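Summary of structural features
The lines below spell out each chain.
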Protein chains: 2
Amino acid sequence: MGESDNNARTLSIPESTVLRLPVYQRILVNFERRGLNTISSADLGRLSGENAASVRRDLSRLGSFGTRGTGYNVATLIRQIDRVFATDQPHGVVLVGAGNLGRALVQSNNFFGHGTQLVAVFDADPALIGGELGGCTVLADEHLEAEVRTASVHLAVLTVPVSVAQGVAERLVTAGVRYILNFAPTTLHVGAKVTVRYVDLSIELQALSFYERDDAARHSGTSIGTAGITNAARSPKHRTHRSSAQPR
Amino acid sequence: MGESDNNARTLSIPESTVLRLPVYQRILVNFERRGLNTISSADLGRLSGENAASVRRDLSRLGSFGTRGTGYNVATLIRQIDRVFATDQPHGVVLVGAGNLGRALVQSNNFFGHGTQLVAVFDADPALIGGELGGCTVLADEHLEAEVRTASVHLAVLTVPVSVAQGVAERLVTAGVRYILNFAPTTLHVGAKVTVRYVDLSIELQALSFYERDDAARHSGTSIGTAGITNAARSPKHRTHRSSAQPR
DNA sequence: TAGATTGTTAATCGATTAACAATC
DNA sequence: TAGATTGTTAATCGATTAACAATC
């Protein structure tokens, strides 16, 4: 595509690519730490579990930063991916729910950062309120609206029980939140202008156990029923990451 | 497709469908609790955030259990989805890593079950060893191989730090594990016969913040660069859930 | 019968990947 | 020049969805 894209700030990047860039970034940072200056799409593919052609296609979305015959400059690629996620201008995020999962996310030291910054934590449990988490004091639930408004936060991470998830989501949206990462295993019904991204951890294990059974049935010929079992159901591909926006 | 599929036990079910069935199941169980006997694809779609046609297509993989003009019997659907995940014959799973995330998964009361059963928990931290988690005593790391072998476990959930993930994965595989749900943000290099499913939580938030910025740029016309910003990068669709198998 | 809703067809769309010309 | 590797084309594949005949 055109030379005019060279210094483009915001390019059209497919979701599948957006989800893979952080994986590449991790590998690149490792390479840099080890003092390696260049990397080929073949290596990056091997290390990320992706097809080399996919890697090249993904990286070509950032611009044309490779060198034929040589590969990609590691530092350049890191800089370009940082640019996509604007890691130098992080967006504020509030975390609602300071239970096990909320704490696990914060303490992973890997969840926030990379374009986001935790600015407030809320919980309803008096035992947690006043405690410290990720550099924030855990605030009582009822201060949620005020804080979100004064800090002009548009992003929220929801790690609350299912029973209160919808209510909290509504309050967040009223206070100005437009993007919610929802860990509660329930569908949120919010306005069409709000983007909800769902992470349902239990589904992952269910899927894996389904495949264990499916493979076993296939290999042992133990199809208890009659159906022909095709391989179509199984695509031993790459590391996909879930997307999703609002239910209608 | 044939009538012979009617009582098929293992049908070819696409990954995208496998990942949505648990969502439907949750909604169906809610319906049943509320004493509702039937549900239409339109309702199930609204409640799950999916297109009604997708719902029908998904459910048709289970067989032909709907009634034209009426909808689906809730109890029947629940039974059929349970059958797909063989919830009556759960597979054993070991959890390696009893830190915040491991505990969050177990205590969610939603992660195990649905076709799986937690049979052992391991950790390397003496402070955690001997404690109780999900009905299991947290065992010392070094007992991992013996336990996996004697219990003939094929499924493992990895919630350990990145630094030890590869080593633990290798030990699990040697002991007979064939399916790994990996929460450590690193690619695991195991044999081709082992299926690894990756859940990288930090990527989810990065993606969401990318879209926040992307939307802002699009709407304010603040394209700092030159590129035309298309809508193609954004597909406000459904609740997808990540897949993935082994890197090659 | 009239209304509602399924199950499936066919069109569309996006994502993956082999292949290869361009070029370092 | 010879070898290596990118960037892109084109083929393929799977997933989504509108539309509608079938049918309760």
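Structure shown above.
A short tour of the structure in this document, coming up.

The rules behind each value
Residues numbered from 1 in each chain as written. Chains lettered and ligands numbered in written order. Predicted model: local features only at pLDDT ≥ 70, side-chain atom pairs only at ≥ 80, totals over all residues. Heavy atoms only, no water. Helix = DSSP H or I, 4+ residues; strand = E, 2+ residues; numbered from the N terminus. Expected span 1.5 Å × (residues − 1). Buried < 20%, exposed > 50% of the residue type's maximum accessible area, 1.4 Å probe, protein only. Contact = heavy atoms within 4.5 Å. Near = heavy atom within 4 Å. Polar contact = N/O pair within 3.5 Å; in protein donor to acceptor, adjacent residues only side chain to side chain. Nonpolar A, V, L, I, M, F, W, Y, C, P; charged D, E, K, R; others polar. Axes fitted to C-alpha atoms, helices over the stretch in contact; angles between N-to-C directions. Parallel < 35°, antiparallel > 145°, perpendicular 65-115°, else oblique. Core = buried A, V, L, I, M, F, W, Y, C linked by side-chain atoms within 4.5 Å.

Remarks on helix α7 (residues 162-174) of chain B
Residue and element names in this part refer to chain B. Across its 13 residues, α7 extends 19 Å between first and last C-alpha, which sits within 8% of the 18 Å expected from 1.5 Å per residue. Within α7, burial applies to A165, V168, A169 and L172. In this structure, the buried side of α7 is in contact with β4 (91-96), α6 (144-150), β8 (155-158) and β9 (179-182). The first or second residue beyond α7 is G176, which carries a positive phi of 120°.

What about the protein's contact with DNA strand D?
In the neighbourhood of DNA strand D, 28 residues make up the surrounding shell, with S41, R56, R57 and Y72 of chain A together with R68 of chain B lying closest. Sugar and phosphate atoms form 62% of the subset of DNA strand D atoms that lie within 4 Å of the protein. The contact in question runs from a phosphate oxygen of DNA strand D to an N or O atom on the side chain of Y72 of chain A, over 2.8 Å. Broken down by secondary-structure element, the contributors of at least two residues to the surface near DNA strand D are α3 (52-60), β2 (66-67) and β3 (71-73) of chain A together with α1 (15-33) and α3 (52-60) of chain B. Residue contributions to the surface near DNA strand D peak at 4 residues, all from α3 of chain B. Of the residues in the surface near DNA strand D, the class split is 5 nonpolar, 14 polar and 9 charged.

So, the packing of helix α2 (residues 41-48) of chain A against α3 of chain A
All names here are of chain A. One way to put it is that α2 packs onto α3 with a least axis distance of 8 Å and a crossing angle of 110°. The angle between α2 and α3 places the two elements in the roughly perpendicular class. On α3, the residues that touch S41, A42, L44, G45 and S48 of α2 are A52, V55, R56 and L59. Of the residues in the contact of α2 with α3, the class split is 5 nonpolar, 3 polar and 1 charged.

Digging into the nonpolar core
The nonpolar side chains of a soluble globular protein tend to be buried, and buried together. By size, the foremost hydrophobic cluster in this structure holds 96 residues, and its most contacted members are V157 of chain A together with V157 of chain B. In contact with V157 of chain A, not counting residues within four places along its chain, are V93, V94, L95, V96, L105, F111, F112, L181 and F183 of chain A together with L205 of chain B.

Comments concerning the protein's contact with DNA strand C
Contacts to DNA strand C come from 27 residues, most closely from R68 of chain A together with S41, R56, R57 and Y72 of chain B. Restricting the count to atoms of DNA strand C within 4 Å of the protein gives a sugar and phosphate share of 62%. In this structure, a base nitrogen belonging to DNA strand C sits 2.8 Å away from a side-chain N or O atom of R56 of chain B. F65 of chain B places a polar main-chain atom, nitrogen or oxygen, 3.4 Å from a phosphate oxygen of DNA strand C. If you list the elements that add at least two residues to the surface near DNA strand C, you get α1 (15-33) and α3 of chain A together with α3, β2 (66-67) and β3 (71-73) of chain B. Among the elements that take part in the surface near DNA strand C, α3 of chain A stands out by supplying 4 residues, more than any other.

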